[in-house]
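# A look at the structure
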Amino acid sequence: MLKKLKSLFVVEDESAAKPTKEKEEVETVPESTTPVAPQVDEFVDSSATPSQGKVDTKFLNILLGAMDKNNLDGFDYLEYRQSLQNLSKMAMDEATKYKSAFAAAQTMGATPQKLVDTAGHYLQILSKEEQKFNQALANQRKKQIGGKENQYKKLEQSIKDKQTRILQLQKEIEQHQGELSKIKQAVSQATIKVTSTQNDFVATYKSIVDKIQLDIQKMKQYLK
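Quick look at the packing of helix α1 (residues 2-9) against helix α3 (residues 57-69) now. Look at α1 against α3: their axes get within 9 Å of each other, and the N-to-C directions meet at 110°. Overall, the two elements α1 and α3 adopt an arrangement that is roughly perpendicular. The element α1 and its partner α3 pack so that their crossing is right-handed. Every residue of α3 that contacts α1 at L2, L5, K6 and F9 is listed here: T57, L60, N61, L64, G65, M67 and D68.

Encoded structure:
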């Protein structure tokens with residue numbers, strides 16, 4: 001089932017040119033509540049910054065796996081989306097595609113409200129996964145970055161204090177400066193890794209949520 005879900009939500013190459021009509025559809029997606037990735041902090045070297053975020057296979061498996069685990073019985077939004085996808089290559093306008101898919105869905109006991117409600121169910125599942133990810137991310141930030149940031153600041157203050165006795169403590173100051181360089185590099189690498197991981201999740205999460213929200217919008221528009 002997970003492989004089937006991937007076929008429903010996997011994102012095509014964003015760099016590829018898209019037809020004008022499809023572009024217009026994307027622009028009508030309701031605004032997502034996905035959090036914006038934080039800006040890189042002062043500890044990250046300007047020459048090395050986190051990636052902007054891409055759909056990541058690992059996160060795709062986690063998110064779609066959660067949807068698969070909580071798949072509702074009977075014909076619901078996922079089956080309806082499969083019907084839409086089956087019609088995607090046919091020469092028909094958007095409204096006809098949604099209505100044609102619904103015509104088949106009705107024989108399975110589907111109603112417009114049920115399709116919208118079940119789509120909302122999967123959004124809730126994805127939201128819970130987002131909450132779990134954010135908590136895990138916070139723990140990783142604290143573990144990998146927080147302590148080193150504090151260590152960096154304490155050493156920085158120590159250097160300022162010792163500069164008043166620079167003639168006597170020059171050797172000790174140079175030693176601490178070397179430690180600062182290593183710590184800053186470690187913090188930079190850890191921050192880039194954690195932020196890049198977050199950006200990958202955000203991009204993956206948004207790619208799925210946007211498609212579901214667009215379907216909800218179209219179902220509300222066309223399935224009356």
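Next comes the rest of the description.
With 46 residues, the main nonpolar core has F9, M67, Y80, I208, I212 and M219 as its most contacted residues. Those elements that provide at least two residues to this core are α1, α3, α4 (77-87), α5 (94-106), α6 (112-162) and α7 (166-222).

Between its first and last C-alpha, α5 extends 18 Å over 13 residues, near the 18 Å set by a 1.5 Å rise per residue. Along α5, the residues classified as buried are E94, K97, Y98, A101, F102 and A105. Considered in projection along α5, the buried side chains sweep an arc of 125° and stay on one side of the axis. For α5, the N-terminal capping position is held by D93, with its side-chain oxygen 3.3 Å away from the main-chain nitrogen of A95.

Here we take up the environment of Q213. Checked against the element boundaries, Q213 lands in helix α7. The spacing of Q213 and A119 is 94 residues in sequence and 8.2 Å in space, taken between C-alpha atoms.

Under the criterion given, the structure shown has 6 aromatic pairs. Consider the rings of Y80 and Y98, whose centres lie 6.3 Å apart with planes at 55°: the pair is tilted. Here Y80, found in helix α4, pairs with Y98, found in helix α5; they are 18 residues apart in sequence, far enough to count as distant. Of the two residues, Y80 and Y98, both sit in the buried class. Taken together, a centroid distance of 5.9 Å and an interplanar angle of 20° make the contact between F201 and Y205 stacked. Here the residue F201 and the residue Y205 both occupy positions in helix α7, the gap between them amounting to 4 residues, near one helical turn. Per residue, the accessibility class of F201 equals that of Y205, and both read buried. By way of ring pairs, the aromatic residues F59, F133, F201 and Y205 are connected into one cluster.

Mapping D200 onto the fold places it in helix α7. In this structure, D200 is in contact with S51, G53, K54, D56 and F59, ignoring residues within four places of it in sequence.

Here we take up the pattern of salt bridges. Overall, the coordinates contain 6 salt bridges when judged by the stated rule. For R81, the salt bridge identified is with D215, shortest N-O distance 2.4 Å. With R81 in helix α4 and D215 in helix α7, this pair connects stretches of sequence that are 134 residues apart. Between E94 and K218 there is a salt bridge, with the nearest N and O atoms lying 3.1 Å from each other.

This brings us to the packing of α3 against α6. At a minimum axis distance of 9 Å, the contact between α3 and α6 shows a crossing angle of 135°. By the criterion of interaxial angle, the relationship of α3 to α6 is oblique. Remark: the crossing between α3 and α6 carries right-handed chirality. Contacts between α3 and α6 involve F59, I62, L63, A66 and M67 from the former and Y122, I125, L126, E129 and F133 from the latter. A breakdown of the residues in the contact of α3 with α6 according to their chemical character gives 9 nonpolar, no polar and 1 charged.

Counting along an α-helix, one turn takes 3.6 residues, and residues three or four places apart therefore face a common direction. With 51 residues, α6 extends 72 Å between its outermost C-alpha atoms, agreeing within 8% with the 75 Å of an ideal straight helix rising 1.5 Å per residue. Along its length, α6 reaches its greatest deviation from straightness, about 40°, at I145.

Note that D93 resides in the loop between α4 and α5. Within the local environment of D93, its side chain forms a polar contact with the backbone nitrogen of A95, the two atoms lying 3.3 Å apart. Of the polar contacts made by the side chain of D93, one reaches the side chain of T96; its length is 2.6 Å.

The rules behind these values
Residues numbered from 1 in each chain as written. Predicted model: local features only at pLDDT ≥ 70, side-chain atom pairs only at ≥ 80, totals over all residues. Heavy atoms only, no water. Axes fitted to C-alpha atoms, helices over the stretch in contact; angles between N-to-C directions. Helix = DSSP H or I, 4+ residues; strand = E, 2+ residues; numbered from the N terminus. Parallel < 35°, antiparallel > 145°, perpendicular 65-115°, else oblique. Left-handed = near helix turned anticlockwise from the far one by under 90°. Contact = heavy atoms within 4.5 Å. Core = buried A, V, L, I, M, F, W, Y, C linked by side-chain atoms within 4.5 Å. Buried < 20%, exposed > 50% of the residue type's maximum accessible area, 1.4 Å probe, protein only. Expected span 1.5 Å × (residues − 1). Arc of directions from axis to C-beta. Polar contact = N/O pair within 3.5 Å; in protein donor to acceptor, adjacent residues only side chain to side chain. Phe/Tyr/Trp six-rings, centres within 6.5 Å; stacked < 30°, edge-to-face > 60°. Salt bridge = Lys/Arg side-chain N within 4 Å of Asp/Glu carboxyl O. Nonpolar A, V, L, I, M, F, W, Y, C, P; charged D, E, K, R; others polar. Bend = angle between axes of the 7 residues up to and from the residue.

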